[in-house]
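Chain by chain, the residues:
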Amino acid sequence: MSQSEKENQGSGEGKTQDMAIFSPPVVRSGAGALNRALFTKTVNLAAAAVNDNRLISKYRKELEHSKELLRQDRLSPIVNHPDKALADQGKKCLLLSPNVKAPEPETWGAALKQGVQKKELSVIPYALQLNYDYWTYHDIISSILPEELHDDIPSGFNTAGHVAHMNLRERYIPYKQVIAEVILDKTTNIRTVINKVDNVGAESEFRTFQYEVLAGPDDMQVQVTENACSFEFDYSKVYWNSKLEAEHRRLINMFEPGEVVCDVMAGIGPFAVPAGKKGVFVWANDMNPESNKYMQVAINRNKVSQFVRPFCEDGRTFIHHAADSVLEAHKNGEHVLIAPKPPSRAKKAPKPEPKRVDVPPTISHFVMNLPATAIEFLGCYRGVYAGHEDLFSAESGRKLPLVHVHCFSFKADDETPLNDICERITKYLGFPVKPGNPDVEGEVAVHNVRDVAPAKRMFCASFRIPREVAFAERA
C-alpha cells in the first residue's frame, strides 16, 4: 500500500472511494431493452474465516467495534466460506471493510491480529459476487441513464393497489420502458406500471386520465386499504390519489360521532367511508357514476350503510339538496341504533339496550376535494340555510357549517398563496375573507397539504359559512 493510500484509509475521501466499489457497472443501454445479465460485478474483499462457529458472535462484535467489519446496505457480513469443502462443513467468514487487505497485515486492526495470533481467525481473500438483484431502483437507473439526466431521476409515483402510476417528464420518455421494468422488479406488490399521457381532468370532468401501460398486464381493477377501510375500484374510471391519505385522516379526525358531514366531491369515499366507520353521518356525493358505484361497494364492504348515504349529482345543486335532505331526515326522526358491547360472561347483567343516535338537523362540515375548481362552487352556499336562522340561534348552541375547500396555489413561504386563496374565496363566496381563525366569521385557516409541482402546492382552506351567505335568499 502506498503512503497516500494509507493516509486515505482513515479519511472520508478514502471511505467514499472504497464504498464506490459496490456501485453497479455503468450500462448505457439507452432506450433499449433492459438486460439484467449486464448487472454483475465482483468485489474483491478480505474476509476473516472463523475456525469455530461459536466465536462468530464474539468476533462480529469486536470487528464491528474496531470498524473493520463490512458495513454495507443489504449485505450481511456473515457469509459461507469460499472454499466449498469448508462451506459444506458449515464454516463461516466475516466480510471485512475494503480498507482491510488480506495480504497486508499492516492494514489489520488489533482485534483481527489477535484473532489470527490465537489461530481463531485467518484472513483470506474473498470475491463477493453482486448481481442485478442486489442493487436498488436508483442504482440501476443511474447506471442506465446518461449523466445529464441524473439531476431528477423519476422516483415518485402514485400507487393504487398493484398499479404504479407515473407522470414522466418529456426528457425521460425515451427511457420509459426501462424505467417501468426496473420499478416492476424493485417495488414490492407492484404488477403494473402505467404512465399518464394527459393532465388529470384535461379531458374528463371526472378527474380520470388517459394512460399507457409500460410494464405488466393492463389490469386496473385494484384493491387498496386506507384509514382502516377497504376499497375496490377500476383505477381507469375513478379518481384516487394515495398521496392524500394523511389529508383524508386529518379531516376525518375533525369529525365527531353523531355529526353530519356533506362530502360534495366524494370520489369513491376516502373521507366518507372512514368517517362513517367512526359514527359520523355522511351525505356523500360524486357526479361520476363509476365513483358512485364503487363508493356503494366500499360502503357495503366496510359495513357503514347506516351512516353513509351515496348520491350522484352535480355538486353545485347538491349543496342545497344535502342541507334540505338532512333537515328532512331529522324531522322524520331518522336514526341509527348502535348495538352496545355485550357484557362479559363473568357479569350476569341484563343485556343493555341499543343506543339510539338521531340524525341532527344541520350539517357540521362540508368537504370539497376538487382542488382545480372547488373554489368556483362557493357561490352555491348562498342561501344554503335560507329561512332557517332559528336552527342556529344562540339557544341551540349550533354553529354554521365549516367548509373545507381544497385548492391549488403558488408554492411560496410568504403570504402570497394565503392572500391568493383568500382573494379567490372572496370573489366566489361573495363575502370578504382573510387568513385567520376559521371560527371567526370572515377568517380562513389555510393548511398546506402537499407539493404537486415545482411551483405549485395543494392547500385546504377552512372557514365557517358567514351568516350573510347562509341566510341569503335562494335564487
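Residues numbered from 1 in each chain as written. Predicted model: local features only at pLDDT ≥ 70, side-chain atom pairs only at ≥ 80, totals over all residues. Heavy atoms only, no water.

**Notes on the overall build of the protein**
In step 1: Broken down by element type, the protein carries 13 helices and 20 strands.
In step 2: The C-alpha extent of the protein, read off along each of the three principal axes, is 95 × 70 × 45 Å.
In step 3: Taken over 475 residues, the protein has a buried fraction of 46%.
In step 4: For the protein, restricting intrachain contacts to residue pairs at least 6 apart in sequence, the fraction spanning at least 24 positions comes to 66%.
In step 5: Computed over 58 positive and 61 negative side-chain charges, the inter-centroid distance for the protein is 8 Å. (Helix = DSSP H or I, 4+ residues; strand = E, 2+ residues; numbered from the N terminus. Buried < 20%, exposed > 50% of the residue type's maximum accessible area, 1.4 Å probe, protein only. Contact = heavy atoms within 4.5 Å. Lys, Arg positive; Asp, Glu negative; His and termini not counted. Charge placed at Lys NZ, Arg CZ, Asp CG, Glu CD.)

**Some details on the confidence of the model for the protein**
In step 1: Of the residues in the protein, 92% reach a pLDDT of 70 or more, and the chain-wide mean stands at 91.
In step 2: Note that pLDDT drops below 50 for residues 1-17; the model gives that stretch 13 contacts with residues more than four away or on any other chain. (pLDDT = per-residue confidence, 0-100.)

**Points about the packing of helix α6 (residues 137-144) against helix α7 (residues 176-186)**
In step 1: Remark: α6 packs on α7, axes separated minimally by 10 Å, with the N-to-C direction vectors making an angle of 160°. With respect to their mutual orientation, α6 and α7 come out roughly antiparallel. Crossing hand, α6 versus α7: right-handed. Residues Y137, I140, I141 and I144 of α6 form the contact with α7, whose own contacting residues are V178, I179, V182, I183 and K186. (Axes fitted to C-alpha atoms, helices over the stretch in contact; angles between N-to-C directions. Parallel < 35°, antiparallel > 145°, perpendicular 65-115°, else oblique. Left-handed = near helix turned anticlockwise from the far one by under 90°.)

**A look at the pattern of salt bridges**
In step 1: Per the stated rule, a full pass over the model turns up 22 salt bridges.
In step 2: Between D52 and R54 there is a salt bridge whose closest N-O contact spans 2.8 Å.
In step 3: Among the residues examined, D52 registers a relative accessible area of 25% and is labelled partly exposed.
In step 4: The closest approach of N and O atoms between E232 and R301, which form a salt bridge, is 2.4 Å. Of this pair, E232 sits in strand β10 (residues 229-234) while R301 is found in helix α10 (residues 289-301), placing the two residues 69 residues apart along the sequence.
In step 5: With relative accessibility at 23%, the residue E232 sits in the partly exposed group.
In step 6: Each of the salt bridges in this network shares a partner with another, and the network as a whole consists of R36, E181 and D185. (Salt bridge = Lys/Arg side-chain N within 4 Å of Asp/Glu carboxyl O.)

**Structural notes on the state of the cysteines**
In a disulfide, the sulfur atoms of two cysteines are held together by a covalent bond.
In step 1: In the structure shown here, the tally under the stated rule is 0 disulfides.
In step 2: Among the cysteines around C229, which has no disulfide bond, C262 carries the closest sulfur, lying 19 Å off.
In step 3: Since its relative accessible area comes to 1%, C229 is described here as buried. (Disulfide = S-S within 2.5 Å.)

**What about the sheet that holds strand β8 (residues 211-215)?**
In step 1: In space, the 4 strands of this open sheet follow the order β5-β6-β7-β8, with mixed pairing throughout. Across the chains shown, the open sheet's two edge strands, defined by having one partner strand only, are β5 (158-160) and β8. Going across the sheet, the axis of each strand differs from the next one's by a mean of 30°, ignoring polarity.
In step 2: With respect to the sheet, α7 is in contact with β6 (163-166), β7 (192-196) and β8, its orientation differing from that of β8 by roughly 65°. (Pairing = 2+ DSSP bridges.)

**Description of the environment of N189**
In step 1: Looking at the element boundaries, N189 is found in the loop between α7 and β7.
In step 2: For N189, a relative accessible area of 63% translates into the label exposed.
In step 3: Remark: the alpha-carbon pair of N189 and H162, spanning 27 residues in sequence, is separated by 5.7 Å.
In step 4: Residues in contact with N189, not counting those within four places in the same chain, are G161 and H162.

**Describing the nonpolar core**
In step 1: One finds F233, Y235, W283, F366, M368, Y381 and I425 to be the most contacted residues of the largest nonpolar core, which totals 83 residues.
In step 2: Tallying contributions element by element places helix α11 (residues 315-331) first for this core, with 7 residues.
In step 3: Among all residues touching F233, those that are not within four sequence positions of it are A160, M220, Q221, V222, V224, V238, W240, I268 and Y294.
In step 4: In terms of nonpolar packing, the next biggest core, distinct from the first, is built from 42 residues, A47, L75, I141 and I190 among them. (Core = buried A, V, L, I, M, F, W, Y, C linked by side-chain atoms within 4.5 Å.)

**Some remarks on the pairing of β10**
In step 1: Note: strand β9 (residues 221-226) against β10, 6 bridges, orientation antiparallel. Across the sheet, the residue bridging to V222 is F233, located in β10.
In step 2: Between the end of β9 and the start of β10, which pair antiparallel, lie 2 residues, with N227 showing a positive phi angle near 50°.

**Considering the side chain of D263**
In step 1: One can find D263 in strand β11 (residues 260-263).
In step 2: For D263, the residues in contact, after removing those within four places along its chain, are F271, A272, V282, W283, A284, N285, F318 and V367.

**Some points on the sheet that holds strand β16 (residues 365-368)**
In step 1: Reading across the sheet, the 8 strands line up as β13-β12-β11-β16-β17-β20-β19-β18 and stay open at both edges, with mixed pairing between neighbours. Across the chains shown, the open sheet's two edge strands, defined by having one partner strand only, are β13 (308-311) and β18 (434-435).
In step 2: Relative to β13, α10 is tilted by about 165°, and along the sheet it contacts β12 (281-285) and β13.
In step 3: Across the sheet, α11 lies against β11, β12, β13 and β16, angled at about 150° from β12, the strand it touches most.

**Some details on the environment of V357**
In step 1: With respect to the helices and strands, V357 occurs in strand β15 (residues 355-358).
In step 2: For V357, a relative accessible area of 13% puts it in the buried group.
In step 3: For the pair V357 and V452, spaced 95 residues apart in the sequence, the C-alpha separation amounts to 40 Å.
In step 4: Those residues in contact with V357, other than ones at most four positions away along the chain, are G258, F281, H335, V336 and I338.

**Regarding empty space enclosed by the protein**
Where empty space is left in the structure can be found by rolling a water-sized probe over the atoms.
In step 1: Summed over all chains, the structure comprises 1 cavity of 30 Å³ or more.
In step 2: In this structure, the largest cavity is lined by 13 residues; those nearest its centre are Y239, H248, A266, P270 and N369.
In step 3: When its residues are assigned to classes, the lining of the largest cavity shows 8 nonpolar, 4 polar and 1 charged. (1 Å grid on protein atoms, 1.4 Å probe; cavity = no way out; pocket = protein on both sides within 12 Å on 5 of 7 lines; lining within 4 Å. Points joined across faces, edges and corners; volume = space filled by probe spheres on them. Nonpolar A, V, L, I, M, F, W, Y, C, P; charged D, E, K, R; others polar.)

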